[in-house]
Amino acid sequence: MRSERPNFVFILADDLGYADLGCTGARDAGNQPADVSPHLDRMAREGMRFTRAYANSPVCSPTRFALATGRWQYRLRGGAEEPLPTVMHDKVLGLPPQHPTLPSLLGAAGYATALVGKWHLGYPPAFSPRASGYQEFFGFHAGGNDYFEHCDPRGRADLWENEAPVQRAGYLTDLLSRRAVDFVERQAADRPFLLSLHYSAPHWPWLTRDDADEALRIAGVGKHLDGGSIATYQRMIHHMDEGIGWVLDALARKGAADNTLVVFTSDNGGERFSNNWPFVGQKMDLLEGGIRVPLIARWPARIASSALHNVPNLTMDWTATMLDAAGVAAHPDYPLDGKSLLSVLDDPHAHMPCDLFWRMKHRTQRAVIRGDWKWLSIEGNEFLFNLGHDARERANLKNRYPTMANELRSAWQAWDGSMPSIPPDAQAHVVFTEREIPRASF
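Everything in this summary refers to the structure shown in the same document. (Residues numbered from 1 in each chain as written. Predicted model: local features only at pLDDT ≥ 70, side-chain atom pairs only at ≥ 80, totals over all residues. Heavy atoms only, no water.)

### A look at the pattern of salt bridges
For step 1, the next point in the chain: Throughout the structure, instances matching the rule amount to 32 salt bridges.
For step 2, the next point in the chain: Put simply, Arg209 and Asp174 hold a salt bridge, and the shortest N to O gap is 2.8 Å. On the criterion of sequence distance, the pair formed by Arg209 in the loop between strand S8 (193–198) and helix H5 (212–218) and Asp174 in helix H4 (residues 172–186) is long-range, its members being 35 residues apart.
For step 3, the next point in the chain: Classification of Arg209 by relative accessible area gives partly exposed; the value is 27%.
For step 4, the next point in the chain: On the basis of relative accessibility, which here comes to 7%, the residue Asp174 falls in the buried class.
For step 5, the next point in the chain: For the salt bridge of Arg370 with Glu407, the shortest nitrogen-to-oxygen distance reads 3.8 Å. Linking Arg370 in strand S15 (residues 365–370) with Glu407 in helix H10 (residues 402–417), this pair joins segments that are 37 residues apart in sequence. (Salt bridge = Lys/Arg side-chain N within 4 Å of Asp/Glu carboxyl O. Helix = DSSP H or I, 4+ residues; strand = E, 2+ residues; numbered from the N terminus. Buried < 20%, exposed > 50% of the residue type's maximum accessible area, 1.4 Å probe, protein only.)

Structural data, given as structure tokens:
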């Protein structure tokens, strides 16, 4: 007997820019339309594309804290790091195993749960995916992983099956895709499942399936500052998209496609070779290019095809949405900050008025979005934008609409006062500076 409760496949890309997919406007180096994501483009045609989806943070691990818990990442000490550093055996920086999570709550309600791919929420033995509710884990713990050497940015082996280190030959994106397919194929029809498929792509190092020699040259160490290109980057996205197609095909073969909510998004905005058009900014910025991300949701039993939704939402809203769809309540001691989007999935015109907030230690950034309005502060400089008219954030309306600027600043201050303060020892870690790569003036 097939379960009536929905399955969930949450697919998270790493450092993918807003316009890096065909359905969001991907362009090649010659400024021609780029066919980089045929399977995700099909997903958008078969489901709903969100034009104003926002990551909880412009850097990876804070967003992952919010996704795992459905709560502001700032509530946990590890969420203050921008991002968690590649440091093992730290007893503070990670997702505490006692904290309820999406997989632990679904698992307690009878779901099968698995994480395939990137964890980046702390190192064993203090922290691990299986300590936080995932029944299966295949992937890596650090913030990045070499696609052939399967090591962290410091060159240490970092590929695991549950708690055991493993060695596997092959291109990492493909290994993750095949393991995700394997998980889907092993599921019983009468038990719903959660599959978190968290790719490293298209995060550096810049390596396609054909670049094993380049992986040897850089020896799996470092940030690959001397490599990469737009063509390589887009090929990495295409490899990921192909694997997503394998997963969608596996759902169809199992007869599970209709009652499976598949969500695809990115943990933050794009980095060096990304296309964030029309937005300014990138990873680490609270400008739109750092936080507005592509997002597609497909659930044939519930979501109409070719739907568009343009109301702002955050990563953690999807945690609330999946729990709501499964009929699973949050832990009473850990109420959700995210808001369920089920009404939006039923009606893309549904209105969900809600303020969205961010703060960063990096460059002392603060931001709040209310509808089309956005208040932004960077290193003490304040700005007000109307994103409905100026998504590129080039017309500062602070002096033209001072009442709105004051209202949003006050709203941010009240929200910030409800959060733990940023610890003095929290750190921001930038991948590169203008010493390595020139920074544009705008």
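Let us keep going from here.
### Quick look at the packing of helix H1 (residues 38–46) against helix H6 (residues 230–253)
For step 1, the next point in the chain: Between H1 and H6, the shortest axis-to-axis distance is 7 Å and the interhelical angle comes to 55°. With respect to each other, H1 and H6 are oriented oblique. When H1 is examined against H6, the residues Pro38, His39, Leu40, Arg42 and Met43 are found in contact with a partner set consisting of His238, Asp241, Glu242, Ile244, Gly245, Leu248 and Asp249.
For step 2, the next point in the chain: Here the contact of H1 with H6 is built from residues that sort into five nonpolar, three polar and four charged. (Axes fitted to C-alpha atoms, helices over the stretch in contact; angles between N-to-C directions. Parallel < 35°, antiparallel > 145°, perpendicular 65-115°, else oblique. Contact = heavy atoms within 4.5 Å. Nonpolar A, V, L, I, M, F, W, Y, C, P; charged D, E, K, R; others polar.)

### Things to note about the sheet that holds strand S13 (residues 313–314)
For step 1, the next point in the chain: Ordered in space as S10-S3-S13, the three strands form an open sheet in which the pairing is mixed. Edge positions in the sheet fall to strand S10 (292–293) and S13, since each of these pairs with one other strand and no more.
For step 2, the next point in the chain: Pairing of strand S3 (residues 53–54) with S13 involves two bridges; the strand directions are parallel. Bridge pairing links Tyr54 to Leu314 in S13. (Pairing = 2+ DSSP bridges.)

### So, the packing of helix H2 (residues 60–69) against helix H8 (residues 315–326)
For step 1, the next point in the chain: Across the interface, H2 lies against H8 with an axial gap of 7 Å and an inter-helix angle of 15°. Comparing their axes, H8 and H2 come out roughly parallel. Note on packing geometry: the crossing formed by H2 with H8 is right-handed. Contacts from Thr63, Ala66, Leu67 and Thr69 of H2 reach H8 at Thr315, Met316 and Thr319.
For step 2, the next point in the chain: When its residues are assigned to classes, the contact of H2 with H8 shows three nonpolar, four polar and no charged. (Left-handed = near helix turned anticlockwise from the far one by under 90°.)

### So, the side chain of Asp390
For step 1, the next point in the chain: With respect to the helices and strands, the residue Asp390 is situated in the loop between strand S17 (381–386) and H10.
For step 2, the next point in the chain: Separated by 2.9 Å, the side chain of Asp390 and the backbone nitrogen of Arg394 make a polar contact.
For step 3, the next point in the chain: Aside from chain neighbours lying at most four places away, what touches Asp390 is Phe385 and Ala395. (Polar contact = N/O pair within 3.5 Å; in protein donor to acceptor, adjacent residues only side chain to side chain.)

### Comments concerning the environment of His331
For step 1, the next point in the chain: Looking at the secondary structure, you find His331 in the loop between H8 and helix H9 (342–346).
For step 2, the next point in the chain: Counting along the chain gives 226 residues from His331 to Leu105, while the straight-line C-alpha distance between them is 7.9 Å.
For step 3, the next point in the chain: Of the polar contacts made by the side chain of His331, one reaches the backbone nitrogen of Asp333; its length is 3.0 Å.

### So, the nonpolar core
For step 1, the next point in the chain: Formed by 50 residues in total, the largest nonpolar core has its most connected members in Leu195, Leu251 and Phe264.
For step 2, the next point in the chain: Those elements that provide at least two residues to this core are strand S1 (7–13), H1, strand S4 (112–118), strand S5 (136–140), H4, S8, H6 and strand S9 (260–266).
For step 3, the next point in the chain: Sorting elements by how many residues they give to this core places H6 first, with nine residues.
For step 4, the next point in the chain: If near-sequence neighbours (up to four positions away) are discounted, Leu251 is found in contact with Val9, Val184, Phe193, Ala256, Ala257, Thr260 and Val262.
For step 5, the next point in the chain: Formed by 46 residues, the second largest nonpolar core is a distinct cluster that contains Tyr111, Val263, Ile303 and Leu323. (Core = buried A, V, L, I, M, F, W, Y, C linked by side-chain atoms within 4.5 Å.)

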